[in-house]
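# A look at the structure
Here are the chains, one letter per residue:
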4 protein chains.
Amino acid sequence: MSDKIRVAILGASGYTARELMLLLLRHPRVEIAAVVSRQEGTPWVAELHPILTGRLALRCENLEPRDLARRGVQCAFTCLPHGVSMAVVPELLNAGLRVIDLSADYRLREPEVYQEWYREPHQDPAHLRQAVYGLPEIYGPRIREARLVANPGCYPQTVILGLAPLVAHDVIEREDILADAKSGVSGAGRSPRPHTHFPECNENVSAYNVGHHRHTPEMEQVLSEVARAPVRVLFTPHLVPMDRGIFTTVYARPRRTVSEAELFELYRDYYSRAPFVRVVAHLPNSKDTLGTNFCDVTLRLVRQRIVILSCEDNLVRGASGVAIQNFNLMYGLEETLGLL
Amino acid sequence: MSDKIRVAILGASGYTARELMLLLLRHPRVEIAAVVSRQEGTPWVAELHPILTGRLALRCENLEPRDLARRGVQCAFTCLPHGVSMAVVPELLNAGLRVIDLSADYRLREPEVYQEWYREPHQDPAHLRQAVYGLPEIYGPRIREARLVANPGCYPQTVILGLAPLVAHDVIEREDILADAKSGVSGAGRSPRPHTHFPECNENVSAYNVGHHRHTPEMEQVLSEVARAPVRVLFTPHLVPMDRGIFTTVYARPRRTVSEAELFELYRDYYSRAPFVRVVAHLPNSKDTLGTNFCDVTLRLVRQRIVILSCEDNLVRGASGVAIQNFNLMYGLEETLGLL
Amino acid sequence: MSDKIRVAILGASGYTARELMLLLLRHPRVEIAAVVSRQEGTPWVAELHPILTGRLALRCENLEPRDLARRGVQCAFTCLPHGVSMAVVPELLNAGLRVIDLSADYRLREPEVYQEWYREPHQDPAHLRQAVYGLPEIYGPRIREARLVANPGCYPQTVILGLAPLVAHDVIEREDILADAKSGVSGAGRSPRPHTHFPECNENVSAYNVGHHRHTPEMEQVLSEVARAPVRVLFTPHLVPMDRGIFTTVYARPRRTVSEAELFELYRDYYSRAPFVRVVAHLPNSKDTLGTNFCDVTLRLVRQRIVILSCEDNLVRGASGVAIQNFNLMYGLEETLGLL
Amino acid sequence: MSDKIRVAILGASGYTARELMLLLLRHPRVEIAAVVSRQEGTPWVAELHPILTGRLALRCENLEPRDLARRGVQCAFTCLPHGVSMAVVPELLNAGLRVIDLSADYRLREPEVYQEWYREPHQDPAHLRQAVYGLPEIYGPRIREARLVANPGCYPQTVILGLAPLVAHDVIEREDILADAKSGVSGAGRSPRPHTHFPECNENVSAYNVGHHRHTPEMEQVLSEVARAPVRVLFTPHLVPMDRGIFTTVYARPRRTVSEAELFELYRDYYSRAPFVRVVAHLPNSKDTLGTNFCDVTLRLVRQRIVILSCEDNLVRGASGVAIQNFNLMYGLEETLGLL
């Protein structure tokens, strides 16, 4: 199958890796050539993820970047924890691979901002400068050329896609924005912890990291670039009892008189060439995006506020689906290939 | 049992009626003397609510208010739909009963406001003037004397209790308040509808009535009274996949420099005699209030905003529990009787 | 796209139709040429199923079979209620289409058995005789030739696939079989009813149709054919609070001494060419099959019983996925095409 | 409050301890005098269980049995892991306390059986002989006199209560019994583990310990005593995605011709003085018992089998509620006190 692009996945055990493999198996132009993991032994991928039984006959291997290059791997998807990614990515790039990094390590342009929010110095500022933030609707042209794409966070995408048309057109007060997000539990990762123990988070809603979540600087960085002026967001994430899905309600204040119809037109125009942003008139359900790479967005103008409602599947659009969208752009494929 | 107060429940089939009966069965000073319903035949209450099998050997009867009076009923809890309550309540009052009305019919002081939000003229403006809004933490003294208590809505309690100390002390901008609420599905009532069909609302988050929910004027009325000045709230309710519980995140803007410590002290002081409001330091889980009459409240000062987090069980604190709290006040009993 | 087979879906509003459309959109050799529905007006399919927004730009149309033929439709998937299907299928066949019927109307060979279980006479006994029961692992060769395939029920597949190797090899007592199934709520369809109202079925388990479920004769018919002798199953379905998934526990009594190893070998051999039955050694999770066309099967030999554990996604393997598997066989395509 | 019985809870952090405290707070004749735990420091109970905030102003203390005696504690509830209980219970008894042990340590009469199923030798065979199995419907008179009650397991109660009338009257084949149970996740305890991580067990059904669950010998021991002959049960537990509730489906084979009506009469008679077993005609929902001490039981006679459906709240009836029922019997109180 000479027309297939050989890819590797680094970090096999988590939910984003699993979702990525499930999506890549459907992609007509991809071959998963290696799954790299520091797991003891060389377990079958299907032992980690039984849903892959009979579908992906690969073992997790403890391979070095140069081994991957030797196997003809062109692109690596790194599904590693933050802090770990930036130790591996330089070697992958040096071995000639292109990299789509699903961690947070290359999302923030300034090493100082990284250090402030992640409480450790950045280890790879050189590549940080080259990394392109992997939100295709904003940075599509640069993603096409990128060797290193920093795949965006799940929450930021709902906030950024929900606000980009407004800040691009200078419609709202840039420092009076509130984003209240509700997320399914898979976003917390696969490691069991007290607050993700079923009897604790089932039948429960809670807020966490109020005003201090690490996705905040990511949103503000991108929105500020879109606005060409500083944008500030007060972001409050909540955990709700479901597997997948993020539903974000954003509150913004218009700087001038606008009508709902005008705003809808502005959104539809802004996303006219974005195949994965659906500007809808109805109030969306997060479930309408389940298993898809779509972000559904609508808005209402009420009581002198613009209320934007934005939702996605946090594991697809929020992580592994958008990674493939980025991959498609990087390799000159149709943006939607394997994703519809 | 001559020391028991005989009560009747009108409207038997819904979730608030069921919860009310479960709570009243535990109340040491109450005897359920009648359950009134327009159900065909005279079904056993336990046929409508199997959880009551073997616990409440009463039939639903189609009784008139004077029949209730004759049976020695002193207090009626009306669990009827809005619009229906105001047709029945006058007769109950005329028959000499005191009434705790769990519908929305007597919550809004002004008939015009009722008509604006409920799209029908108010049928009983005379009693509307006498009705006391049944939020004990705000109107305790008046509830003690009331013959007609308008039991408060589920959402408004989380918003009002979350904001009352701030507006009472003039700490925040009164017209720059956002309340983003997440509710379990039992709040939508017991009638099956498409959006409450399990496969639709399970694994889903959605918003509804954005900026237009009928609980808005209720919140604004009470908060304006507390503030002695107009208060405006932009309220957005969301449906999350759980049975019970409301978690409300309120965003307010301080009018002056305040510290978190100062705010906590203000809250603790304001609620020092309120047995059912727990001002907590930690971020609460809605589940911490499950099955209880507590409202848990905390706050955070972040990015020039006060973020208040407030939660309750919508069927207990949000409806039937607070109804009993009101009952206790009306009958000179300890406020917590039967509720701890 | 001349190499695409044009298909129509009849009955658009339910969950199986939605799942079918989602799967067909990914199928490389299918074009959805028409969606037929008796809905008022001609709504967009995406109005019924917002998840399809931007993916399927078709309206529901009230078309006759001959209209479909004229449009070049070769195959119709009928997602209609039982009783309705058998009124439409004859016309589709007469118009020259091949039909995959997802209702129960053509599953039971004998009109008398249909009448006994569905309480109405069969309207189309002529085609009933020609219909092939669409379980590829059992009737693959006949499905390839079929003009009318009766797509199998969700529960029966878990029971039949779990037992077929045992009855084929005469390992168990054929009249001492118990099947205890646990199903997600989507199996109950899309119409809201009291028992599928979220606050009723969430946090709840219940049994229904104990020993009388209409899927019973379907299981017995197929297993009896496999066994070439009468097989009887006592079947008890349960509703559990999840969207999708069936987990069935089958209890059988061996007729002779067998070992677990021997039984596993028998199963692996029986399904050696079945790409969608995974005989696994571990105890499976229904979630391992979520969104897939796989049925995972394992067994344990305990206390003189063979306990078979069998699970699937009720909307994919249990309905729309197996329909495509049948389609693939009927059109000489690879059995797994579009399904992995 | 001289009429209150002072009790202690040993082992504070788990779900049964929490539920027990919530129930005891409502009991009119109990005072919680001490909460004993080996937690570091002496945390407030409400720090472990925020739902108890403002309701139980006690710290966890590392107290010895003689300290408890000195404080006037008459009865200890031990909510400790199996293996730990049997090291503590002897000292409690020696200090003059009566003990209700919620672990499995004193449930099995024979030390050999304990060792076989729990893989360690029993440390306290002397008291094992005196312990009474705390199922009031079977051992009520002996519980009244007991100094040590072995509180029964959650699953066994549904199975035993479901079968007792049948084996007592010799209606069924005693060695041809299957029990298929579906349990909420709180039964797995409070320690986070991979299989109870929300995204793993939500939207999932699985079986575990097929035919080998440790509750099996407990069921068989009690049923054999009721039958005065050996009874064997093949028991298969399943995990379903809900917090609480067990729904058990038991399959038995009648030894003689019986009618459903006759069986119902037999059940109603057998439980005529059991306030917490509700023999119902309808198919029960596990949710009908939520938060209650009831076990709902019904049966159907189908295809030569008796199918018994039995359900309970695993934390109340299955653990902490029945512990209080036992307490009431031990102290000569009304059996239902504090439990309705």
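Worth saying up front: this structure is predicted, and the values here are computed from it rather than measured.

About the criteria used
Residues numbered from 1 in each chain as written. Chains lettered and ligands numbered in written order. Predicted model: local features only at pLDDT ≥ 70, side-chain atom pairs only at ≥ 80, totals over all residues. Pairing = 2+ DSSP bridges. Helix = DSSP H or I, 4+ residues; strand = E, 2+ residues; numbered from the N terminus. Contact = placed C-beta atoms within 7 Å. Axes fitted to C-alpha atoms, helices over the stretch in contact; angles between N-to-C directions. Expected span 1.5 Å × (residues − 1). Buried ≥ 20, exposed ≤ 12 C-beta atoms within 10 Å, placed from the backbone. Nonpolar A, V, L, I, M, F, W, Y, C, P; charged D, E, K, R; others polar. Arc of directions from axis to C-beta. Domains from an automatic or database assignment. Least-squares fit on C-alpha atoms with pLDDT ≥ 70 in both. Core = buried A, V, L, I, M, F, W, Y, C linked by C-beta atoms within 7 Å. Parallel < 35°, antiparallel > 145°, perpendicular 65-115°, else oblique. Left-handed = near helix turned anticlockwise from the far one by under 90°.

With that out of the way, let us pick up the sheet that holds strand 5 (residues 98-101) of chain B. Residue and element names in this part refer to chain B. If you walk across this open sheet you meet the seven strands as 3-2-1-4-5-7-6, and the pairing is parallel. Edge positions in the open sheet fall to strand 3 (60-61) and strand 6 (132-133), since each of these has one partner strand only. Bridging between strand 2 (residues 30-36) and strand 3 involves two bridges; their strand directions are parallel. Note on strand 3: the bridge partner recorded for V36 is E61. Packing of helix 1 (residues 15-26) onto the sheet brings it into contact with strand 1 (5-10), strand 2 and strand 4 (75-78), and relative to strand 1 it is tilted by some 165°. In the packing of helix 4 (residues 85-94) onto the sheet, the strands contacted are strand 1, strand 4, strand 5 and strand 7 (148-150), and the crossing angle to strand 5 comes to about 160°.

A word on helix 10 (residues 216-227) of chain B. Residues and elements named next belong to chain B. Compared with an ideal rise of 1.5 Å per residue, which puts 12 residues at 16 Å, helix 10 spans 16 Å between its outermost C-alpha atoms and is within 8% of the ideal. Buried residues of helix 10: T216, P217, E218, M219, E220, V222 and L223, and no others. Tucked into the core, helix 10 has its buried residues touching helix 5 (111-118), strand 6, helix 7 (136-145), helix 8 (154-168) and strand 10 (233-239).

This brings us to the interface of chain B and chain A. On the chain A side, the residues contacting the 33 residues of chain B number 33 residues. Broken down by secondary-structure element, the contributors of at least two residues to the side of chain B that touches chain A are strand 8 (177-183), strand 9 (206-207), strand 10, strand 11 (246-252), strand 13 (295-302) and strand 14 (305-312) of chain B. By residue class, the composition of the side of chain B that touches chain A is 16 nonpolar, nine polar and eight charged.

Quick look at the interface of chain A and chain D now. Contacts between chain A and chain D engage 14 residues on the former and 14 residues on the latter. Counting residues per element, the side of chain A that touches chain D draws most heavily on helix 9 (residues 198-201) of chain A, at three residues.

Okay, the environment of L263 of chain C next. Residue and element names in this part refer to chain C. With respect to the element layout, L263 can be found in helix 11 (residues 260-270). A sequence separation of 38 residues divides L263 from L301, and the C-alpha atoms of the two residues are 8.9 Å apart. Sequence-distant contacts of L263, that is, excluding residues within four places in its chain, are made with V258, L299, L301 and I306.

All names here are of chain C. Of the residues making up helix 4 (residues 85-94), those classed as buried are S85, M86, V88, V89 and L92. Looking down the long axis of helix 4, one finds its buried residues gathered within 155° of arc, a one-sided arrangement. In helix 4, those exposed residues whose orientation departs by more than 90 degrees from the buried face are A87 and N94. Its buried side turned inward, helix 4 meets strand 1 (5-10), helix 3 (65-70), strand 4 (75-78), strand 5 (98-101), helix 6 (125-130) and strand 7 (148-150).

It is worth spelling out the domain arrangement of chain A at this point. Residue and element names in this part refer to chain A. We note that the domain assignment places domain 1 (5-130) and domain 2 (154-313) within chain A. Distance between the C-alpha centres of domain 1 and domain 2: 27 Å. Facing 10 residues of domain 1, the contacting portion of domain 2 comprises seven residues. Among the residues forming the side of domain 1 that touches domain 2, the class breakdown is six nonpolar, two polar and two charged.

Here we take up the relation of the copies chain A and chain D. With an axial shift of 0.0 Å and an RMSD of 0.0 Å, the rotation relating chain A to chain D amounts to 180°. Taken together, the rotation and translation describe the operation of a two-fold axis.

With that settled, consider the nonpolar core. In terms of nonpolar packing, the biggest core is built from 437 residues, with I9 of chain A, I9 of chain B, I9 of chain C together with I9 of chain D touching the most fellow members. With near-sequence residues (within four places) excluded, I9 of chain D lies in contact with A17, L20, M21, I32, V35, V36, F77 and C79 of chain D.

Residues and elements named next belong to chain D. As a packed pair, helix 8 (residues 154-168) and helix 10 (residues 216-227) sit with axes 9 Å apart at the nearest point and diverge in direction by 20°. Of the possible angle classes, the one that applies to helix 8 and helix 10 is roughly parallel. Our pair here, helix 8 against helix 10, has a crossing hand that is right-handed. Here P156, V159, I160, L163, A164, V167 and A168 of helix 8 come into contact with helix 10, specifically with E218, M219, V222, L223, V226 and A227. Among the residues making up the contact of helix 8 with helix 10, the classes are represented as 12 nonpolar, no polar and one charged.

Of the transformation placing chain B onto chain A, the axial shift is 0.0 Å and the rotation is 180°, giving an RMSD of 0.0 Å. In this assembly the copies share their binding face: 97% of the residues contributing to the interface of chain B also contribute to that of chain A.

The next thing to look at is the sheet that holds strand 2 (residues 30-36) of chain C. Residues and elements named next belong to chain C. The strand order 3-2-1-4-5-7-6 describes an open sheet built from seven strands, whose pairing is parallel. Either end of the sheet is taken by a strand with one partner, and the two such strands are strand 3 (60-61) and strand 6 (132-133). Here strand 5 pairs with strand 7 via three bridges, running parallel. Residue pairing for strand 7: V99 is matched across the bridge by L148. Sheet strands touched by helix 12 (residues 316-330): strand 4, strand 5 and strand 7. Its angle to strand 5, the strand with the most contacts, is close to 155°.

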